[in-house]
Amino acid sequence: MTEIIGVDVGTTSTKVVLYDQAGTAIASANHGYPLYQTEPGMAEESPTEIYEAVVAGIAEVTEKATQPVAGISFSAAMHSLILLDDQFQPLTRMLTWADNRAAAAAEQLRALPNAHDLYANTGTPLHPMTPLAKLVWLAQTQPQLHQQARWFVDIKAYLLQRLCGQLVTDYSIANATGLFNLHTFDWDPQALQLAQITAAQLPQLVDTTTQLIGLNKTVAARLKLAPATPLIVGASDGCLANLGVNAIEPGVAAITIGTSGAIRVVTDAPKLDPHGRLFCYYLAPHRWVVGGPVNNGGNVLRWVEDTLFSAEKTANTGTDRSTIEMMLALAAKVPAGSHGLLMHPYLNGERAPLWEATARGAYFGLTARHSRAEMTRAALEGICFNLAHVANMVQALTGPFTQLQATGGFTRSETWLGILADIFDTTVTIPDSMASSSLGAAILGFESLGLISDLTAVKTMVDTTRQQRPNPTNVQTYQELYPIYEQLITAYQPIFKQLAKFK
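A brief structural summary. Everything numeric here is computed off the predicted structure, so don't read it as measured data.

So, on to empty space enclosed by the protein. What the rule picks out here adds up to 2 cavities of 30 Å³ or more. Within this model, the largest cavity holds a volume of roughly 90 Å³. Considering the residues around the largest cavity, the lining is formed by 14 residues, among which Phe152, Val153, Asp154, Thr177 and Leu202 are closest to the centre. Where the lining of the largest cavity is concerned, the elements lending two or more residues are helix H4 (131-141) and strand S8 (151-153).

Direction of pairing for strand S2 (residues 13-20) relative to strand S3 (residues 25-32): antiparallel, over a ladder of 7 bridges. If you follow valine 16 over to S3, its bridge partner there is alanine 29. Where S2 folds back on S3, the antiparallel hairpin that results is connected by 4 residues, among which glycine 23 adopts a positive phi of roughly 85°.

Another aspect to go through is unusual backbone geometry. Between alanine 352 and the following residue, proline 353, the backbone shows a cis peptide bond with an omega angle of 0°. Not every positive phi belongs to a glycine, and aspartate 425 is a case in point at roughly 50°. Mapped onto the elements of the fold, aspartate 425 is located in the loop between helix H15 (414-424) and strand S22 (428-431).

The relative placement of two aromatic rings is captured by the distance of their centres and the angle of their planes. Throughout the structure, instances matching the rule amount to 16 aromatic pairs. A centroid spacing of 5.9 Å and a plane angle of 85° characterise the contact between phenylalanine 180 and phenylalanine 185, whose relative ring orientation is edge-to-face. On the basis of relative accessibility, which here comes to 0%, the residue phenylalanine 180 falls in the buried class. The positively charged end of arginine 93 is found above the aromatic ring belonging to tyrosine 36, 4.2 Å away from the centroid. For arginine 162, the ring lying beneath its charged end belongs to tyrosine 51, and the centroid distance is 3.7 Å.

Each value, and the rule that gives it
- Residues numbered from 1 in each chain as written.
- Predicted model: local features only at pLDDT ≥ 70, side-chain atom pairs only at ≥ 80, totals over all residues.
- Heavy atoms only, no water.
- 1 Å grid on protein atoms, 1.4 Å probe; cavity = no way out; pocket = protein on both sides within 12 Å on 5 of 7 lines; lining within 4 Å.
- Points joined across faces, edges and corners; volume = space filled by probe spheres on them.
- Helix = DSSP H or I, 4+ residues; strand = E, 2+ residues; numbered from the N terminus.
- Pairing = 2+ DSSP bridges.
- Phe/Tyr/Trp six-rings, centres within 6.5 Å; stacked < 30°, edge-to-face > 60°.
- Buried < 20%, exposed > 50% of the residue type's maximum accessible area, 1.4 Å probe, protein only.
- Lys NZ or Arg CZ within 6 Å of the ring centre and 35° of its normal.

Following this line, the structure appears as C-alpha coordinates:
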(Lines give C-alpha, C1' and ligand atoms only; values in the text may rest on other atoms or scores of the structure.)
Protein backbone atom coordinates (compact mmCIF):
# COMPACT_ATOMS: atom_id res chain seq x y z
CA MET A 1 0.00 0.00 0.00
CA THR A 2 1.13 3.51 -0.79
CA GLU A 3 -0.23 6.91 0.19
CA ILE A 4 -0.82 10.10 -1.77
CA ILE A 5 -1.15 13.76 -0.81
CA GLY A 6 -4.01 15.85 -2.17
CA VAL A 7 -3.39 19.61 -2.07
CA ASP A 8 -6.35 21.99 -2.49
CA VAL A 9 -5.22 25.60 -2.91
CA GLY A 10 -8.34 27.57 -2.04
CA THR A 11 -9.27 31.23 -1.85
CA THR A 12 -8.82 31.58 1.91
CA SER A 13 -6.63 28.62 2.82
CA THR A 14 -4.83 25.57 1.51
CA LYS A 15 -6.07 22.17 2.64
CA VAL A 16 -3.62 19.30 2.46
CA VAL A 17 -4.80 15.73 3.07
CA LEU A 18 -2.86 12.47 3.14
CA TYR A 19 -4.88 9.53 1.75
CA ASP A 20 -4.33 5.80 1.54
CA GLN A 21 -5.26 3.83 -1.57
CA ALA A 22 -8.79 3.28 -0.28
CA GLY A 23 -9.36 7.04 -0.22
CA THR A 24 -9.31 7.18 3.59
CA ALA A 25 -7.89 10.39 5.07
CA ILE A 26 -4.94 9.65 7.33
CA ALA A 27 -3.85 13.19 8.18
CA SER A 28 -4.77 16.72 7.20
CA ALA A 29 -3.55 20.29 7.55
CA ASN A 30 -5.13 23.65 6.82
CA HIS A 31 -3.10 26.85 6.52
CA GLY A 32 -4.77 30.19 5.81
CA TYR A 33 -3.61 33.48 4.30
CA PRO A 34 -5.05 37.01 4.16
CA LEU A 35 -7.14 38.54 1.40
CA TYR A 36 -6.04 42.07 0.57
CA GLN A 37 -8.92 44.47 -0.15
CA THR A 38 -7.55 47.98 0.25
CA GLU A 39 -9.57 49.56 -2.55
CA PRO A 40 -13.06 48.99 -4.01
CA GLY A 41 -13.32 45.79 -6.01
CA MET A 42 -9.86 44.53 -5.00
CA ALA A 43 -9.43 40.91 -3.90
CA GLU A 44 -5.75 39.98 -3.94
CA GLU A 45 -3.50 37.49 -2.17
CA SER A 46 0.24 37.04 -1.84
CA PRO A 47 1.68 34.23 -4.00
CA THR A 48 4.58 33.80 -1.57
CA GLU A 49 2.22 33.49 1.41
CA ILE A 50 0.25 30.84 -0.46
CA TYR A 51 3.45 29.00 -1.34
CA GLU A 52 4.49 28.93 2.32
CA ALA A 53 1.04 27.62 3.29
CA VAL A 54 1.32 24.83 0.70
CA VAL A 55 4.81 23.77 1.79
CA ALA A 56 3.88 23.93 5.49
CA GLY A 57 0.76 21.84 4.89
CA ILE A 58 2.60 19.17 2.90
CA ALA A 59 5.37 18.98 5.51
CA GLU A 60 2.79 18.63 8.28
CA VAL A 61 1.00 15.64 6.75
CA THR A 62 4.17 13.97 5.44
CA GLU A 63 5.33 13.54 9.03
CA LYS A 64 2.26 11.39 9.65
CA ALA A 65 2.66 9.12 6.62
CA THR A 66 2.62 5.42 7.49
CA GLN A 67 3.51 4.24 3.98
CA PRO A 68 5.67 5.63 1.16
CA VAL A 69 4.19 8.79 -0.40
CA ALA A 70 3.54 7.91 -4.04
CA GLY A 71 2.96 11.47 -5.18
CA ILE A 72 1.45 14.89 -4.55
CA SER A 73 -1.59 15.90 -6.61
CA PHE A 74 -2.94 19.43 -6.88
CA SER A 75 -6.27 21.21 -6.95
CA ALA A 76 -6.50 25.00 -7.16
CA ALA A 77 -9.08 27.75 -7.29
CA MET A 78 -9.90 29.00 -10.77
CA HIS A 79 -9.44 32.41 -12.44
CA SER A 80 -6.28 33.50 -10.62
CA LEU A 81 -3.73 35.76 -12.32
CA ILE A 82 -0.14 36.63 -11.40
CA LEU A 83 2.32 38.65 -13.48
CA LEU A 84 5.92 37.36 -13.30
CA ASP A 85 9.25 38.73 -14.51
CA ASP A 86 11.79 36.71 -16.49
CA GLN A 87 13.12 35.20 -13.25
CA PHE A 88 9.62 33.98 -12.31
CA GLN A 89 9.39 36.58 -9.54
CA PRO A 90 5.92 38.10 -8.95
CA LEU A 91 5.38 41.63 -10.22
CA THR A 92 1.93 41.64 -8.65
CA ARG A 93 0.00 39.91 -5.94
CA MET A 94 -2.41 37.26 -7.17
CA LEU A 95 -5.70 38.63 -8.48
CA THR A 96 -8.37 36.20 -7.29
CA TRP A 97 -11.67 35.31 -8.95
CA ALA A 98 -13.37 37.73 -6.54
CA ASP A 99 -11.42 40.75 -7.79
CA ASN A 100 -14.06 42.86 -9.52
CA ARG A 101 -12.00 45.75 -10.87
CA ALA A 102 -12.19 44.42 -14.43
CA ALA A 103 -15.96 44.99 -14.53
CA ALA A 104 -15.76 47.66 -17.25
CA ALA A 105 -13.41 45.49 -19.31
CA ALA A 106 -15.87 42.59 -19.06
CA GLU A 107 -18.64 44.89 -20.29
CA GLN A 108 -16.50 45.80 -23.28
CA LEU A 109 -15.95 42.12 -24.06
CA ARG A 110 -19.68 41.39 -23.84
CA ALA A 111 -20.36 44.28 -26.23
CA LEU A 112 -18.13 42.85 -28.96
CA PRO A 113 -19.98 41.74 -32.11
CA ASN A 114 -18.36 38.29 -31.81
CA ALA A 115 -18.71 38.02 -28.03
CA HIS A 116 -20.68 34.79 -28.25
CA ASP A 117 -17.99 33.25 -30.47
CA LEU A 118 -15.49 34.02 -27.73
CA TYR A 119 -17.65 32.15 -25.20
CA ALA A 120 -18.30 29.30 -27.67
CA ASN A 121 -14.55 28.78 -28.11
CA THR A 122 -13.55 29.05 -24.45
CA GLY A 123 -16.57 27.78 -22.49
CA THR A 124 -16.01 30.61 -20.01
CA PRO A 125 -18.66 33.31 -19.46
CA LEU A 126 -17.45 36.87 -20.01
CA HIS A 127 -17.07 38.28 -16.51
CA PRO A 128 -14.50 40.28 -14.48
CA MET A 129 -13.54 37.06 -12.65
CA THR A 130 -11.65 35.80 -15.71
CA PRO A 131 -7.96 36.38 -16.39
CA LEU A 132 -9.04 37.48 -19.89
CA ALA A 133 -11.01 40.41 -18.49
CA LYS A 134 -8.27 41.15 -15.92
CA LEU A 135 -5.63 41.30 -18.66
CA VAL A 136 -7.77 43.66 -20.76
CA TRP A 137 -8.21 45.84 -17.66
CA LEU A 138 -4.48 45.81 -16.85
CA ALA A 139 -3.56 46.72 -20.42
CA GLN A 140 -5.89 49.70 -20.20
CA THR A 141 -5.13 50.90 -16.68
CA GLN A 142 -1.51 49.82 -16.04
CA PRO A 143 0.05 49.44 -19.51
CA GLN A 144 3.64 49.68 -18.24
CA LEU A 145 3.09 46.82 -15.79
CA HIS A 146 1.33 44.78 -18.48
CA GLN A 147 4.27 45.32 -20.86
CA GLN A 148 6.87 44.65 -18.18
CA ALA A 149 5.60 41.13 -17.46
CA ARG A 150 7.37 38.16 -19.03
CA TRP A 151 4.81 35.59 -17.83
CA PHE A 152 1.09 35.60 -17.06
CA VAL A 153 0.28 32.61 -14.85
CA ASP A 154 -2.24 31.08 -12.44
CA ILE A 155 -1.46 30.25 -8.83
CA LYS A 156 -0.91 26.53 -9.45
CA ALA A 157 1.55 27.22 -12.27
CA TYR A 158 3.46 29.55 -9.94
CA LEU A 159 3.56 26.95 -7.16
CA LEU A 160 4.69 24.11 -9.43
CA GLN A 161 7.42 26.29 -10.92
CA ARG A 162 8.76 26.99 -7.46
CA LEU A 163 8.48 23.35 -6.43
CA CYS A 164 10.09 21.73 -9.46
CA GLY A 165 11.20 24.43 -11.90
CA GLN A 166 8.65 23.63 -14.62
CA LEU A 167 6.06 26.17 -15.78
CA VAL A 168 2.89 24.37 -16.84
CA THR A 169 -0.87 24.87 -16.68
CA ASP A 170 -3.33 22.01 -16.88
CA TYR A 171 -6.22 22.05 -19.35
CA SER A 172 -8.76 22.39 -16.53
CA ILE A 173 -7.30 25.55 -14.99
CA ALA A 174 -6.53 26.95 -18.46
CA ASN A 175 -10.12 26.31 -19.51
CA ALA A 176 -11.31 28.74 -16.83
CA THR A 177 -9.07 31.62 -17.93
CA GLY A 178 -11.12 32.66 -20.95
CA LEU A 179 -7.90 32.27 -22.97
CA PHE A 180 -8.11 28.53 -23.77
CA ASN A 181 -9.86 27.05 -26.80
CA LEU A 182 -11.68 23.93 -25.62
CA HIS A 183 -11.98 22.62 -29.18
CA THR A 184 -8.29 22.82 -30.11
CA PHE A 185 -6.81 22.35 -26.60
CA ASP A 186 -4.57 25.34 -27.24
CA TRP A 187 -4.53 29.02 -26.32
CA ASP A 188 -7.21 30.88 -28.29
CA PRO A 189 -5.82 33.42 -30.82
CA GLN A 190 -8.81 35.78 -30.54
CA ALA A 191 -8.64 35.85 -26.74
CA LEU A 192 -4.87 36.39 -26.78
CA GLN A 193 -5.25 39.33 -29.14
CA LEU A 194 -7.86 40.93 -26.88
CA ALA A 195 -5.62 40.37 -23.83
CA GLN A 196 -2.64 41.83 -25.74
CA ILE A 197 -0.40 38.86 -24.91
CA THR A 198 1.13 35.96 -26.83
CA ALA A 199 1.09 32.21 -26.24
CA ALA A 200 4.82 32.45 -25.50
CA GLN A 201 3.96 34.45 -22.35
CA LEU A 202 1.77 31.67 -20.98
CA PRO A 203 2.72 28.33 -19.39
CA GLN A 204 2.95 25.11 -21.37
CA LEU A 205 -0.41 23.34 -21.57
CA VAL A 206 -0.59 19.80 -20.16
CA ASP A 207 -3.26 17.25 -19.30
CA THR A 208 -4.57 16.99 -15.75
CA THR A 209 -2.84 13.63 -15.08
CA THR A 210 0.61 14.89 -16.14
CA GLN A 211 3.43 14.03 -13.74
CA LEU A 212 6.28 16.43 -13.06
CA ILE A 213 9.50 14.87 -11.76
CA GLY A 214 12.28 16.86 -10.16
CA LEU A 215 11.19 18.25 -6.81
CA ASN A 216 13.58 21.01 -5.73
CA LYS A 217 16.16 19.34 -3.46
CA THR A 218 15.93 22.02 -0.79
CA VAL A 219 12.14 21.77 -0.73
CA ALA A 220 12.31 17.95 -0.81
CA ALA A 221 14.51 17.99 2.29
CA ARG A 222 12.05 20.33 4.06
CA LEU A 223 9.17 18.03 3.12
CA LYS A 224 11.17 14.86 3.93
CA LEU A 225 10.34 13.47 0.49
CA ALA A 226 12.54 12.06 -2.25
CA PRO A 227 13.30 14.57 -5.05
CA ALA A 228 11.89 11.99 -7.49
CA THR A 229 8.44 12.14 -5.84
CA PRO A 230 5.98 12.81 -8.70
CA LEU A 231 3.93 16.00 -8.67
CA ILE A 232 0.62 15.36 -10.45
CA VAL A 233 -0.51 18.63 -11.99
CA GLY A 234 -4.21 17.98 -11.27
CA ALA A 235 -7.19 20.17 -12.14
CA SER A 236 -9.36 23.02 -10.88
CA ASP A 237 -11.11 22.86 -7.51
CA GLY A 238 -14.66 22.90 -8.88
CA CYS A 239 -14.05 20.04 -11.32
CA LEU A 240 -12.24 18.00 -8.67
CA ALA A 241 -15.01 18.64 -6.16
CA ASN A 242 -17.38 16.72 -8.45
CA LEU A 243 -14.92 13.84 -8.61
CA GLY A 244 -14.39 13.93 -4.85
CA VAL A 245 -18.10 13.51 -4.08
CA ASN A 246 -18.68 10.82 -6.71
CA ALA A 247 -20.65 13.13 -9.01
CA ILE A 248 -19.11 12.14 -12.34
CA GLU A 249 -21.88 10.01 -13.82
CA PRO A 250 -24.60 11.54 -16.06
CA GLY A 251 -27.33 13.28 -14.06
CA VAL A 252 -25.46 13.26 -10.76
CA ALA A 253 -25.03 16.90 -9.75
CA ALA A 254 -22.78 18.36 -7.09
CA ILE A 255 -23.92 21.42 -5.17
CA THR A 256 -21.60 23.37 -2.91
CA ILE A 257 -22.43 26.19 -0.54
CA GLY A 258 -19.49 27.62 1.34
CA THR A 259 -18.65 31.31 1.30
CA SER A 260 -19.93 31.30 -2.27
CA GLY A 261 -21.54 28.37 -4.09
CA ALA A 262 -21.82 26.36 -7.29
CA ILE A 263 -23.77 23.60 -8.99
CA ARG A 264 -22.05 21.31 -11.48
CA VAL A 265 -22.65 18.13 -13.49
CA VAL A 266 -20.24 16.04 -15.59
CA THR A 267 -20.86 15.29 -19.27
CA ASP A 268 -18.90 13.17 -21.74
CA ALA A 269 -18.42 16.01 -24.22
CA PRO A 270 -18.42 19.83 -24.07
CA LYS A 271 -21.90 21.37 -23.76
CA LEU A 272 -22.31 25.12 -24.17
CA ASP A 273 -25.23 27.27 -23.12
CA PRO A 274 -26.74 29.13 -26.11
CA HIS A 275 -26.88 32.29 -23.99
CA GLY A 276 -23.36 32.01 -22.58
CA ARG A 277 -24.51 31.75 -18.95
CA LEU A 278 -22.85 28.46 -17.89
CA PHE A 279 -19.25 27.35 -17.78
CA CYS A 280 -17.90 24.23 -19.47
CA TYR A 281 -14.55 23.11 -18.04
CA TYR A 282 -12.30 20.13 -18.73
CA LEU A 283 -11.68 17.53 -16.02
CA ALA A 284 -10.20 14.52 -17.83
CA PRO A 285 -10.58 12.79 -21.18
CA HIS A 286 -14.31 12.50 -22.00
CA ARG A 287 -15.24 14.27 -18.76
CA TRP A 288 -16.37 17.89 -18.86
CA VAL A 289 -17.93 19.84 -16.01
CA VAL A 290 -20.91 22.05 -16.85
CA GLY A 291 -22.40 24.39 -14.30
CA GLY A 292 -22.56 27.81 -12.76
CA PRO A 293 -20.83 29.52 -9.81
CA VAL A 294 -22.61 31.99 -7.54
CA ASN A 295 -20.97 34.74 -5.53
CA ASN A 296 -23.51 34.61 -2.73
CA GLY A 297 -23.62 31.70 -0.30
CA GLY A 298 -22.58 31.60 3.33
CA ASN A 299 -21.29 35.17 3.04
CA VAL A 300 -24.95 36.28 2.88
CA LEU A 301 -25.67 34.57 6.19
CA ARG A 302 -22.61 36.29 7.65
CA TRP A 303 -24.00 39.61 6.44
CA VAL A 304 -27.30 38.85 8.19
CA GLU A 305 -25.34 38.05 11.34
CA ASP A 306 -23.30 41.26 11.18
CA THR A 307 -26.31 43.43 10.30
CA LEU A 308 -29.23 41.99 12.27
CA PHE A 309 -27.50 40.09 15.07
CA SER A 310 -24.50 42.32 15.75
CA ALA A 311 -25.30 42.69 19.44
CA GLU A 312 -25.45 38.93 19.92
CA LYS A 313 -22.25 38.47 17.93
CA THR A 314 -20.44 41.07 20.05
CA ALA A 315 -21.70 39.57 23.29
CA ASN A 316 -21.04 36.03 22.16
CA THR A 317 -18.17 34.42 24.05
CA GLY A 318 -18.75 30.93 22.64
CA THR A 319 -17.54 29.40 19.41
CA ASP A 320 -17.40 31.27 16.12
CA ARG A 321 -20.57 29.47 15.02
CA SER A 322 -22.72 29.94 18.10
CA THR A 323 -24.45 33.10 16.82
CA ILE A 324 -25.03 31.46 13.43
CA GLU A 325 -26.50 28.41 15.16
CA MET A 326 -28.86 30.64 17.12
CA MET A 327 -29.93 32.32 13.86
CA LEU A 328 -30.54 28.97 12.19
CA ALA A 329 -32.62 27.83 15.16
CA LEU A 330 -34.78 30.96 14.78
CA ALA A 331 -35.14 30.35 11.05
CA ALA A 332 -36.25 26.77 11.71
CA LYS A 333 -39.30 28.07 13.59
CA VAL A 334 -40.47 30.12 10.57
CA PRO A 335 -42.65 28.29 8.02
CA ALA A 336 -41.51 27.78 4.44
CA GLY A 337 -41.88 31.00 2.48
CA SER A 338 -41.03 33.24 5.45
CA HIS A 339 -44.60 34.61 5.59
CA GLY A 340 -44.36 35.98 2.05
CA LEU A 341 -40.87 37.51 2.34
CA LEU A 342 -38.41 36.96 -0.51
CA MET A 343 -34.73 37.82 -0.59
CA HIS A 344 -32.55 38.16 -3.66
CA PRO A 345 -29.09 37.44 -2.24
CA TYR A 346 -26.98 39.48 -4.67
CA LEU A 347 -25.01 41.31 -1.99
CA ASN A 348 -21.66 40.73 -3.71
CA GLY A 349 -22.60 41.19 -7.36
CA GLU A 350 -23.36 37.91 -9.10
CA ARG A 351 -21.93 35.43 -11.49
CA ALA A 352 -24.45 32.75 -12.50
CA PRO A 353 -27.32 33.11 -13.19
CA LEU A 354 -27.08 36.88 -13.90
CA TRP A 355 -23.39 37.46 -14.74
CA GLU A 356 -23.85 40.99 -13.51
CA ALA A 357 -21.07 42.56 -11.44
CA THR A 358 -23.36 45.43 -10.41
CA ALA A 359 -26.18 43.17 -9.15
CA ARG A 360 -27.81 44.31 -5.91
CA GLY A 361 -29.59 42.31 -3.22
CA ALA A 362 -33.11 43.00 -2.02
CA TYR A 363 -35.80 41.96 0.40
CA PHE A 364 -39.23 42.04 -1.20
CA GLY A 365 -42.53 41.74 0.59
CA LEU A 366 -41.28 43.15 3.88
CA THR A 367 -44.04 44.09 6.35
CA ALA A 368 -44.24 45.10 9.99
CA ARG A 369 -45.03 41.47 10.75
CA HIS A 370 -41.61 40.29 9.72
CA SER A 371 -38.81 39.93 12.25
CA ARG A 372 -35.16 38.95 12.16
CA ALA A 373 -36.26 35.31 12.12
CA GLU A 374 -38.16 35.70 8.83
CA MET A 375 -35.37 37.77 7.34
CA THR A 376 -32.86 35.05 8.24
CA ARG A 377 -34.96 32.27 6.74
CA ALA A 378 -35.66 34.37 3.64
CA ALA A 379 -31.89 34.76 3.18
CA LEU A 380 -31.42 30.97 3.33
CA GLU A 381 -34.29 30.50 0.90
CA GLY A 382 -32.92 33.19 -1.42
CA ILE A 383 -29.52 31.49 -1.62
CA CYS A 384 -31.24 28.20 -2.53
CA PHE A 385 -33.67 29.84 -4.99
CA ASN A 386 -30.68 31.40 -6.72
CA LEU A 387 -28.96 28.01 -7.03
CA ALA A 388 -32.22 26.49 -8.29
CA HIS A 389 -32.26 29.18 -10.99
CA VAL A 390 -28.78 28.06 -12.06
CA ALA A 391 -29.76 24.38 -11.80
CA ASN A 392 -32.68 24.93 -14.19
CA MET A 393 -30.26 26.33 -16.77
CA VAL A 394 -27.90 23.37 -16.32
CA GLN A 395 -30.68 20.80 -16.62
CA ALA A 396 -32.00 22.46 -19.77
CA LEU A 397 -28.56 21.84 -21.30
CA THR A 398 -27.50 18.49 -19.83
CA GLY A 399 -30.77 16.75 -18.87
CA PRO A 400 -32.54 16.26 -15.53
CA PHE A 401 -30.64 15.56 -12.33
CA THR A 402 -31.09 12.07 -10.94
CA GLN A 403 -29.12 12.72 -7.76
CA LEU A 404 -27.85 15.73 -5.81
CA GLN A 405 -24.59 15.46 -3.86
CA ALA A 406 -24.10 18.32 -1.39
CA THR A 407 -20.93 19.63 0.24
CA GLY A 408 -19.85 22.74 2.09
CA GLY A 409 -20.38 24.26 5.49
CA PHE A 410 -24.15 24.52 5.00
CA THR A 411 -24.51 20.72 5.29
CA ARG A 412 -24.06 21.06 9.05
CA SER A 413 -27.49 22.72 9.25
CA GLU A 414 -30.56 20.48 9.00
CA THR A 415 -32.66 23.60 8.46
CA TRP A 416 -30.63 24.78 5.49
CA LEU A 417 -30.43 21.28 4.01
CA GLY A 418 -34.18 20.95 4.36
CA ILE A 419 -34.75 24.23 2.52
CA LEU A 420 -32.48 23.07 -0.31
CA ALA A 421 -34.23 19.68 -0.62
CA ASP A 422 -37.66 21.36 -0.59
CA ILE A 423 -36.79 24.02 -3.18
CA PHE A 424 -35.14 21.46 -5.48
CA ASP A 425 -37.84 18.85 -4.68
CA THR A 426 -35.03 16.30 -4.62
CA THR A 427 -33.40 14.07 -2.02
CA VAL A 428 -30.06 15.61 -1.10
CA THR A 429 -27.18 13.24 -0.34
CA ILE A 430 -24.30 14.30 1.89
CA PRO A 431 -21.14 12.32 1.06
CA ASP A 432 -18.59 11.61 3.76
CA SER A 433 -15.79 13.28 1.77
CA MET A 434 -16.02 16.85 3.01
CA ALA A 435 -12.56 17.76 1.62
CA SER A 436 -13.91 16.91 -1.82
CA SER A 437 -11.38 18.82 -3.96
CA SER A 438 -8.44 17.31 -2.06
CA LEU A 439 -9.89 13.82 -2.49
CA GLY A 440 -10.61 14.53 -6.16
CA ALA A 441 -6.98 15.55 -6.63
CA ALA A 442 -5.82 12.38 -4.90
CA ILE A 443 -8.04 10.18 -7.07
CA LEU A 444 -6.73 11.87 -10.22
CA GLY A 445 -3.24 11.23 -8.86
CA PHE A 446 -4.00 7.56 -8.23
CA GLU A 447 -5.10 7.21 -11.86
CA SER A 448 -2.02 9.01 -13.12
CA LEU A 449 0.22 6.69 -11.10
CA GLY A 450 -1.62 3.57 -12.30
CA LEU A 451 -2.87 2.74 -8.82
CA ILE A 452 -6.52 2.66 -9.99
CA SER A 453 -7.85 1.68 -13.40
CA ASP A 454 -9.99 4.79 -13.92
CA LEU A 455 -11.84 7.57 -12.10
CA THR A 456 -14.94 5.43 -11.45
CA ALA A 457 -12.96 3.91 -8.56
CA VAL A 458 -14.30 6.88 -6.58
CA LYS A 459 -17.46 4.81 -6.02
CA THR A 460 -15.57 2.64 -3.54
CA MET A 461 -14.05 5.63 -1.76
CA VAL A 462 -17.07 7.82 -1.03
CA ASP A 463 -19.83 6.77 1.35
CA THR A 464 -23.09 8.53 2.20
CA THR A 465 -23.33 10.04 5.67
CA ARG A 466 -27.02 10.96 5.48
CA GLN A 467 -29.80 12.08 3.18
CA GLN A 468 -32.33 14.91 3.39
CA ARG A 469 -35.69 14.22 1.75
CA PRO A 470 -38.09 16.98 0.66
CA ASN A 471 -41.22 17.88 2.64
CA PRO A 472 -44.20 17.78 0.20
CA THR A 473 -46.00 20.66 1.91
CA ASN A 474 -42.93 22.90 1.75
CA VAL A 475 -42.28 21.84 -1.84
CA GLN A 476 -45.70 23.16 -2.86
CA THR A 477 -45.06 26.49 -1.13
CA TYR A 478 -41.71 26.94 -2.85
CA GLN A 479 -43.11 25.97 -6.25
CA GLU A 480 -45.61 28.81 -5.87
CA LEU A 481 -42.95 31.29 -4.76
CA TYR A 482 -40.21 30.48 -7.25
CA PRO A 483 -41.96 32.04 -10.30
CA ILE A 484 -42.42 35.22 -8.26
CA TYR A 485 -38.72 35.16 -7.36
CA GLU A 486 -37.77 34.94 -11.05
CA GLN A 487 -40.35 37.55 -12.09
CA LEU A 488 -38.84 40.04 -9.65
CA ILE A 489 -35.35 39.50 -11.10
CA THR A 490 -36.65 40.31 -14.57
CA ALA A 491 -38.34 43.43 -13.22
CA TYR A 492 -35.45 45.04 -11.40
CA GLN A 493 -32.33 43.72 -13.15
CA PRO A 494 -32.32 46.74 -15.53
CA ILE A 495 -31.79 49.15 -12.61
CA PHE A 496 -28.62 47.52 -11.24
CA LYS A 497 -26.31 49.72 -13.26
CA GLN A 498 -28.26 52.84 -12.33
CA LEU A 499 -27.84 52.09 -8.64
CA ALA A 500 -24.16 51.22 -9.09
CA LYS A 501 -23.46 54.88 -9.92
CA PHE A 502 -24.19 55.78 -6.29
CA LYS A 503 -21.04 54.49 -4.60
